[in-house]
Protein chains: 2
Amino acid sequence: MESGMQTLRVGILGFGTVGRGVARMLRDQADILQQRAGVALQLTAIATRTPGRDRGIPLDGVTLTDDAARVTAGDDVDVVCELIGGLDPAESLVRDALGNGKHVVTANKALIAERGNGLIELAAANNCELLFEASTAGAIPIIKALRESLAGNRINRIQGILNGTCNYILTEMREKGLPYEQVLAEAQRLGYAEADPTFDVGGFDAAHKLTILAAIGFGIPLSYDKIQVEGIAEISDVDIAWATEMGYRIKLLGIANRVDGEVELRVQPTLVAANSMLGAVEGVFNAVRVEGDFSGPTLYYGRGAGEEPTASAVVADLVDIARNIKSGGAAGRTPLLGAPLADLSAPVFRSPGEHFGAYYLRLSVIDKPGVLADITALLKKHDISIDALVQRGRSPNEAVPLVMVTHEAREAQMLACLAEIEQLPLVESKAHMIRIEEDAA
Amino acid sequence: MESGMQTLRVGILGFGTVGRGVARMLRDQADILQQRAGVALQLTAIATRTPGRDRGIPLDGVTLTDDAARVTAGDDVDVVCELIGGLDPAESLVRDALGNGKHVVTANKALIAERGNGLIELAAANNCELLFEASTAGAIPIIKALRESLAGNRINRIQGILNGTCNYILTEMREKGLPYEQVLAEAQRLGYAEADPTFDVGGFDAAHKLTILAAIGFGIPLSYDKIQVEGIAEISDVDIAWATEMGYRIKLLGIANRVDGEVELRVQPTLVAANSMLGAVEGVFNAVRVEGDFSGPTLYYGRGAGEEPTASAVVADLVDIARNIKSGGAAGRTPLLGAPLADLSAPVFRSPGEHFGAYYLRLSVIDKPGVLADITALLKKHDISIDALVQRGRSPNEAVPLVMVTHEAREAQMLACLAEIEQLPLVESKAHMIRIEEDAA
């Protein structure tokens, strides 16, 4: 589309849930989109492996094909929406589209997190946009907030509830008092969790999203391989009950911290105050909290997945492209990672042991006299002070859970102490540690 | 500034709290602003009534003047930041600046809410931007979210905690169990409330902001005079205690609803669930919840006022202008009220009596046998059913508070019923009614 033209022609790769949502939105909202974007957004072509299948929506005038090149090279396509997901063939198709001078909008977090640095370079070289609001936190406009609304701020911390499956599981465990396995099975039955849930419950999906947020917020290259990832499979109903009793919620957080010029990137279960904004985020919802040096804390909340919320974000990117072209602006108006690629520099990543904070600890100990004395002596030796300690249940000479909350300490110190505690004869199994974020207001 | 130029020259009108914040931000963040905007943002001139006063920040190379025209017509000014506040002379100065071809960024909610329709037209006629992210909810990027990120959605409801002073007072009343007057006095002492607090506690400040949000969200002209405004001065500690007991929080909400093609605009104290996201917003913080038809509910949270948060929003608008010019885009890329002025049409405003919802009621009644029977008979006559009823305290033949929560009913019906209840011999004083928003999840 050239400036002065009246239609932005959209092609879609992949006709699953999100593709269907985008097709529906372009059709159902055509009037307001034309009004707000200043040009019509016209769906011209869809590539899918099953072009013959009926999706239950009218597609008059839309070419359905199983040939992706028909979209990535189509004369009737100005913008390609990559809604296939995964790394391959998504990457090569996006490269084809950019190479053909098509703008690209994608909902693909894996692709951006793992291959984004090269793709962004390619987009710039071809004077094309490569927008990915839908890749992170669904309908929540967190990419635009970081890239544009907070552009005058140095971002010091990002904390996100970035995976709806995990948040749903943790919420259900608390509300219904059920164990992890049972809630996971129910989530699978309801379609909130995949048959193989590893990608979600293992924290990898959240890590993809955190990669993207950290890059834009901190002005660093996409650094997926630098994230320490821990999932929620080890969270027990004992942890949930105890955290609740103490006024906490357990959330799987993606955390990007800037400390003393170093960057820390983690995905992990975290205790946050129940009466904090992040603590109030329940069920499948996502939220991202961002601390800017001038803005102070801001938080963004909404649905992180699903046909319609994801389509809302994809279409917002299409409107952005349409408005830019309509106003005669060159592509690349807004640097895709907040700052120009040439200005991004890899930071020093902070050693995990350097983290300074409070910890929740759960041990399995034999209920015998002396066990507490042995443990507290080791904590004292490592200079770690205890905020609270509770032995749950009473069962002489049997294993019972012992739960503790510490004051702030260096993580390396804490781990060294736990390694010694685990060697005590009355301590069974490995210690389970969850970090506490005290300031998640 | 022309495309290809390397500096966006900024003039400021008004050197109070916000003006100081913007000046500091342009200086302290100069490096990241240049990197992210693609051009330098250079503060060239400030007009203030007291140009000689020392503000404690270095202003080398900045012209300080008491002549506003030096800024609105300055050869060294590309963008004018109007940070004076109020209607006059702010309006005429903004008109001067636009007339001189300067872009304008303003933090002035009263100006946009009450005079914005004409100013937006003038900006368009002069091919200038007139951005006002800072006018509503401080650092929270709610204007951009509505205008850009949710552009593909029909917005059906906006609910905002838009006045930090009111939210601070209501939070303190609950947390400390103190009466309104005492908390207000403390807020005045701390500088959170003005000596004459009417503008905040009367709901007028929130109404200005709701005007702006409703216009952009619904695609209607700015309609300040259509808002029904009720403040918080009538909220008693009895209300707060009772709401808390029932699992609610009382918040001053700005509410824009679209119902059956009609639009309802209200600012009023409202009961929301304590465990909802809006219910979790405490102290001076603001939040806006928006329901789009595809996005579902989204919520935006942060500091609604203050030197640095407001400056963050002003500077984001400056970066937007800089990026647009740098990329060669014409002004007016994004319609200021979401859709082009010509497409905005005044809606039918819904009659307040048509509201259908649940209500919290507080009466002062004489503690004598029969009073409850009389009241419940009238509720039955008007087909209003009671969810809960509590007489607080016991004091035979004296006045005591009677508190009720109803099920859903038409507001006109509720008010007719209350008018009859108020005529009962054992009922003293006027009934106090607070609406309940059940779905503020």
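Residues numbered from 1 in each chain as written. Chains lettered and ligands numbered in written order. Predicted model: local features only at pLDDT ≥ 70, side-chain atom pairs only at ≥ 80, totals over all residues. Heavy atoms only, no water.

1. Observations concerning the UniProt feature "binding site: L-homoserine" (unreviewed entry) in chain A
Residue and element names in this part refer to chain A. UniProt marks E194 with the feature "binding site: L-homoserine" (unreviewed entry), using the numbering shown here. Within the secondary structure layout, E194 lies in the loop between α8 (180-190) and α9 (198-201). Judged by relative accessible area, which is 51%, E194 ranks as exposed. Sequence-distant contacts of E194, that is, excluding residues within four places in its chain, are made with Q188 and D200. (UniProt positions renumbered as here; feature names shortened; annotations may be inferred. Helix = DSSP H or I, 4+ residues; strand = E, 2+ residues; numbered from the N terminus. Buried < 20%, exposed > 50% of the residue type's maximum accessible area, 1.4 Å probe, protein only. Contact = heavy atoms within 4.5 Å.)

2. Points about the pattern of salt bridges
Under the counting rule described, the total for this entry stands at 68 salt bridges over all chains. Salt-bridge contacts for R20 of chain B lead to E307 of chain B; the nearest nitrogen and oxygen are separated by 3.0 Å. Here R20 of chain B is found in helix α1 (residues 17-28), whereas its partner E307 of chain B is found in helix α12 (residues 307-326), with 287 residues between them in sequence. Among the salt bridges present, the one from R249 of chain B reaches E282 of chain B, with a minimum N-O distance of 3.8 Å. Of this pair, R249 of chain B sits in strand β9 (residues 248-259) while E282 of chain B sits in the loop between β10 (262-273) and β11 (285-292), and the two are 33 residues apart along the sequence. The same class applies to R249 of chain B as to E282 of chain B, namely buried. Among the ionic contacts, a cluster of salt bridges with common partners joins K144, E148, D320 and R333 of chain A together with K144, E148, D320 and R333 of chain B. (Salt bridge = Lys/Arg side-chain N within 4 Å of Asp/Glu carboxyl O.)

3. So, unusual backbone geometry
Glycine aside, negative phi is the norm for most residues, and most peptide bonds take the trans geometry. Following D88 of chain A, the chain continues to P89 of chain A via a peptide bond in cis, the omega torsion being 10°. Looking at the element boundaries, P89 of chain A is found in the loop between β4 (79-82) and α4 (90-99). Despite not being glycine, S429 of chain A has its phi angle at roughly 60°, a positive value. Here S429 of chain A is to be found in strand β18 (residues 427-436). Given the relative accessible area of 52%, S429 of chain A is considered exposed. Positive phi outside glycine occurs at N127 of chain B, with the angle close to 55°. Positionally, N127 of chain B belongs in the loop between α5 (109-125) and β6 (130-131). Using a relative accessible area of 58% as the deciding quantity, one classes N127 of chain B as exposed.

4. Some details on the relation of the copies chain B and chain A
Here chain B sits on chain A after a turn of 180° about the axis and a move of 0.0 Å along it, with an RMSD of 0.0 Å. Such values leave the two copies arranged in the relation of a two-fold axis. Minimal C-alpha distance to the rotation axis in chain B is attained by G329 of chain B, lying at 1.9 Å. Taken together, the interface assignments show that 100% of the residues at the interface of chain B recur at the interface of chain A, consistent with an identical surface on both copies. (Least-squares fit on C-alpha atoms with pLDDT ≥ 70 in both.)

5. Thoughts on helix α1 (residues 17-28) of chain A
Residues and elements named next belong to chain A. Here α1 is twelve residues long and its end C-alpha atoms lie 16 Å apart, about the 16 Å a rise of 1.5 Å per residue gives. Every buried residue belonging to α1 is among V18, G19, G21, V22, A23, R24, M25 and L26, and all of these are buried. The secondary structure elements touched by the buried residues of α1 are β1 (7-13), α2 (30-37), β2 (40-47) and α12 (307-326). (Expected span 1.5 Å × (residues − 1).)

6. As for the domain arrangement of chain A
Residues and elements named next belong to chain A. Domain annotation for chain A reports domain 1 (7-139 + 307-343), domain 2 (147-302) and domain 3 (354-436). Look at where the C-alpha atoms of domain 2 and domain 3 centre, and you get two points 25 Å apart. Taken together, the contact pairs 18 residues of domain 2 with 15 residues of domain 3. Of the roughly 1400 Å² buried between domain 2 and domain 3 on both sides combined, carbon and sulfur atoms contribute 58%. Of all residues in domain 2, the largest losses of buried area upon contact with domain 3 belong to D239, W242 and L271, amounting jointly to 40% of the total for that side. (Domains from an automatic or database assignment. Buried area = accessible area lost by both parts, 1.4 Å probe.)

7. Quick word on the interface of chain B and chain A
Listed as interface residues are 57 residues of chain B and, on the opposing side, 57 residues of chain A. The junction of chain B with chain A conceals about 5100 Å² of combined surface from both sides, 52% of it contributed by carbon and sulfur atoms. Our count for the chain B to chain A interface comes out at six salt bridges. D31 of chain B is the partner of R154 of chain A in a salt bridge, and the nearest nitrogen-oxygen pair spans 3.1 Å. Inspection of the chain B/chain A interface yields 28 residue pairs in polar contact (both at pLDDT 80 or more). Mapped by element, the contributors of at least two residues to the side of chain B that touches chain A are α1, α2 (30-37), α6 (142-149), β12 (296-303) and α12 of chain B. A per-element tally of the side of chain B that touches chain A places α12 of chain B first, with nine residues. Looking at the side of chain B that touches chain A residue by residue, the classes come out as 25 nonpolar, 17 polar and 15 charged. Alignment of strand β12 (residues 296-303) of chain A against β12 of chain B, held across three bridges, turns out to be antiparallel. (Polar contact = N/O pair within 3.5 Å; in protein donor to acceptor, adjacent residues only side chain to side chain. Nonpolar A, V, L, I, M, F, W, Y, C, P; charged D, E, K, R; others polar. Pairing = 2+ DSSP bridges.)

8. Some thoughts on the UniProt feature "active site" (unreviewed entry) in chain A
All names here are of chain A. Taking the UniProt record as the reference, the feature "active site" (unreviewed entry) is found at K209. Here K209 falls in the buried class, since its relative accessible area comes to 5%. The residues touching K209, leaving out its near neighbours within four places in the chain, are K109, S135, T136, A137, L162 and N163. Within polar-contact distance, the side chain of K209 engages the side chain of D205 at 2.7 Å.

9. Here's the deal with the layout of surface pockets
It is a probe the size of a water molecule, rolled over the atoms, that shows where empty space is left. Residue and element names in this part refer to chain A. In this structure, the second largest pocket spans a volume of roughly 1100 Å³. Every residue lining the second largest pocket is counted, 38 residues in all, and those nearest its centre are V18, K109, E194, A305 and G306. Those elements giving two or more residues to the lining of the second largest pocket turn out to be α1, α5 (109-125), α7 (164-176), α9 and α10 (204-218). A per-element tally of the lining of the second largest pocket places α1 first, with three residues. (1 Å grid on protein atoms, 1.4 Å probe; cavity = no way out; pocket = protein on both sides within 12 Å on 5 of 7 lines; lining within 4 Å. Points joined across faces, edges and corners; volume = space filled by probe spheres on them.)

10. Observations regarding the nonpolar core
With 235 residues, the main nonpolar core has I142 and I169 of chain A together with I142 and I169 of chain B as its most contacted residues. In terms of nonpolar packing, the next biggest core, distinct from the first, is built from 24 residues, A280 and F285 of chain A together with L278 and V281 of chain B among them. (Core = buried A, V, L, I, M, F, W, Y, C linked by side-chain atoms within 4.5 Å.)

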